[in-house]
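Okay, here's what each chain looks like letter by letter:
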Amino acid sequence: MGNFLRSAYMRKPNEAMRLMITTFVGVVFGLFLGTAFPTVSLTKINFPASLFPSIDFTYIEDKYSGLSTQALLNAWSTLKGRRAGYPRTQESSNDTKIWIPTNPRGAERLPPAIIASASDFYLRRLWGQPNEDLTSKPKYLVTFTVGYDQKDNIDACVKKFSENFTIMLFHYDGRTSEWDEFEWSKRAIHVSVRKQTKWWYAKRFLHPNIVAPYDYIFIWDEDLGVEHFDAEKYLELVRKHGLEISQPGLEPNRGLTWQMTKRRGDSEFHKVTEERPGWCSDPLLPPCAAFIEIMAPVFSRNAWRCVWHMIQNDLVHGWGLDFALRKCVEPAHEKIGVIDSQWIVHQTVPSLGNQGQAENGKAPWEGVRERCRKEWMIFQDRITDAEKAYYESLGIRYNNTFRWVENVK
């Protein structure tokens, strides 16, 4: 027992001496580092323990040696304040948060000055100053849905449109590079998806915010004869007569379906007509008024914004759309019309019909035509159901003549 106590008593002075030597060596080594590297170190700043508890600044400074001391202090102060749950005042929160409900949907967190809600088809350079890219800005847009077999006819059409027009081709046959034989094709916009219609393209590539820079949008077929047509003169008459939705008159002897779109040789324009007995329940409704066909429509910017929303995503042929265009302008019988003095010929080339598929012994074009008729019925049902649901939600009874007859509430 005596030897054990004596051994323990001798160990304590030895441990104390070792601790003193270790401390002395550490101090000397620290002085040496401080002399060799005089840069201010976080470890040499004496912060109150309550401000930065249990933080190894030596580790922080070593890991982020490329940052300034002040930057580290600022970052740590911010982080510590958040972790400590320091309350933020409502005033400070509102000062830093952006939320503007009137911004476009999805952009509420952006400051209004940075929002670019519209676009265009203007071609830009890959070099130079952006504000020097455009030497001119076309005011109008014309689109053709095309196959390469109709290249000569489209070439003739494009030449009827001035440099005020952006030219856009929708290629349903997948052939695009061949069009470079025409100089104008090199500055045109080409979109290629096989076996699609112009209304399929229009729904996907002519969003109102994309075509917003254009005053008028032409959405034309590929089989139109334009010998007696001039686009600039046509638009002069459109403006003169206040038309929001229009088309050129059709040559009376070729491809004529409706009396409304028949060219009148003795007038500049017309907005109403007489149809076959029983075809018009109202002289101011389609097809006697407020009506054009869908082969060569021309829309104002505002009218197209409405029409685009009415085009159904899955109904690609557009049948029935011509009877519903009147819903996008008011009064429709004054805002929809036909320009007679600038007229075209419908050549009735069944090129798109041949893009169909033979089934059950039917030729490709027969399947396409059958789909067109089905879509017409579907579209009529949808628009009738939509209007009925709307009016009945207001307590207004709705009937099939597109009139409300009594309040049901």
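Structure: above.
Residues numbered from 1 in each chain as written. Predicted model: local features only at pLDDT ≥ 70, side-chain atom pairs only at ≥ 80, totals over all residues. Heavy atoms only, no water.

J.: Looking at this structure, how should I read the state of the cysteines?
T.: Cysteine pairs can be covalently joined through their sulfur atoms, and such a bond is termed a disulfide. Within the structure shown, the criterion is met by two disulfides. The disulfide partner of Cys280 is Cys288, and the gap between their sulfur atoms is 1.8 Å. A torsion of 95° about the S-S bond marks the disulfide between Cys280 and Cys288 as right-handed. Taking relative accessible area as the criterion, Cys280 reaches 22% and is therefore assigned partly exposed. There is a disulfide in this structure between Cys306 and Cys328, and the S-S distance comes to 2.0 Å. With the S-S bond torsion at -70°, the cross-link from Cys306 to Cys328 turns out left-handed. Taken together, the positions of Cys306 in helix H8 (residues 301–310) and Cys328 in the loop between helix H9 (321–324) and helix H10 (332–335) put the pair 22 residues apart, joining distant regions of the chain. Given the relative accessible area of 14%, Cys328 is considered buried. Across the protein, the disulfide pattern expressed with sequentially numbered bonded cysteines is 1-2, 3-4. (Disulfide = S-S within 2.5 Å. Buried < 20%, exposed > 50% of the residue type's maximum accessible area, 1.4 Å probe, protein only. Helix = DSSP H or I, 4+ residues; strand = E, 2+ residues; numbered from the N terminus.)

J.: Can you help me understand the pattern of salt bridges in this one?
T.: Charged atoms that come close allow side chains of opposite charge to pair. With the rule as written, the count across this model stands at 15 salt bridges. Note that Asp152 is salt-bridged to Lys151, the shortest N-O span being 3.3 Å. Relative accessible area serves as the criterion here: at 19%, Lys151 is assigned to the buried category. The shortest N-O distance in the salt bridge between Glu375 and Arg371 comes to 2.6 Å. Here Glu375 pairs with Arg371, and both are found in helix H11 (residues 364–393), just four residues apart, close to one helical turn. When its relative accessible area of 2% is taken as the criterion, Glu375 is described as buried. Where salt bridges share partners, they join Arg124, Arg125 and Asp133 into one cluster. (Salt bridge = Lys/Arg side-chain N within 4 Å of Asp/Glu carboxyl O.)

J.: Would you mind going over the pairing of strand E4 (residues 216–220) with me for this structure?
T.: Each regular strand carries side chains that alternate between the two faces of the sheet. Among the five residues of E4, five are classified as buried, and the element is accordingly described as predominantly covered. Both faces of E4 are covered, namely the face carrying Tyr216, Phe218 and Trp220 and the face carrying Ile217 and Ile219. As defined by bridge partners, strand E1 (residues 140–146) adjoins E4 across five bridges and the pair is classed as parallel. Bridging across to E4, Phe144 finds its partner in Trp220. Bridge analysis of E4 against strand E8 (residues 298–300) gives three bridges, and the strand direction is antiparallel. (Pairing = 2+ DSSP bridges.)

J.: Can you help me understand the nonpolar core in this one?
T.: As a rule of thumb, nonpolar side chains are buried together in soluble globular proteins. Core analysis: the biggest nonpolar cluster contains 43 residues, and Trp199, Leu206, Ile245 and Trp304 have the highest contact counts within it. Only strand E2 (165–171), strand E3 (189–192), helix H6 (198–205), E4, H8, H9, strand E9 (336–346) and H11 provide two or more residues apiece to this core. Ranked by residue count, the leading element in this core is H8, at five residues. Setting aside its immediate chain neighbours within four residues, Ile245 contacts Ile292, Val298, Phe299, Ala303, Val307, Leu325, Val329, Lys335, Ile336 and Gly337. Counting 34 residues, the second-largest nonpolar core is a separate cluster that includes Trp184, Phe229, Leu250 and Ala296. (Core = buried A, V, L, I, M, F, W, Y, C linked by side-chain atoms within 4.5 Å. Contact = heavy atoms within 4.5 Å.)

J.: Hey, could you run me through helix H5 (residues 151–158) in this one?
T.: Along an α-helix, residues three or four positions apart point the same way, because every turn accommodates 3.6 residues. Of all eight residues in H5, six are buried; the element is thus mostly enclosed. Those residues of H5 lying buried are Lys151, Asn153, Ile154, Asp155, Cys157 and Val158.

J.: Would you mind showing me how to read the pairing of E2 here?
T.: Summarising burial for E2: seven of the seven residues are buried, a large majority. Both faces of E2 are covered, namely the face carrying Phe165, Ile167, Leu169 and His171 and the face carrying Thr166, Met168 and Phe170. Of the pairings in the sheet, the one linking E1 to E2 comprises seven bridges and is parallel in character. Among the inter-strand pairings, Val142 is bridged to a residue of E2, identified as Ile167. Note on the crossover from E1 through H5 to E2: the handedness is right-handed. Relative to E3, E2 is paired through four bridges, and the arrangement is parallel. (Right-handed = clockwise from strand over helix to strand, strands pointing away.)

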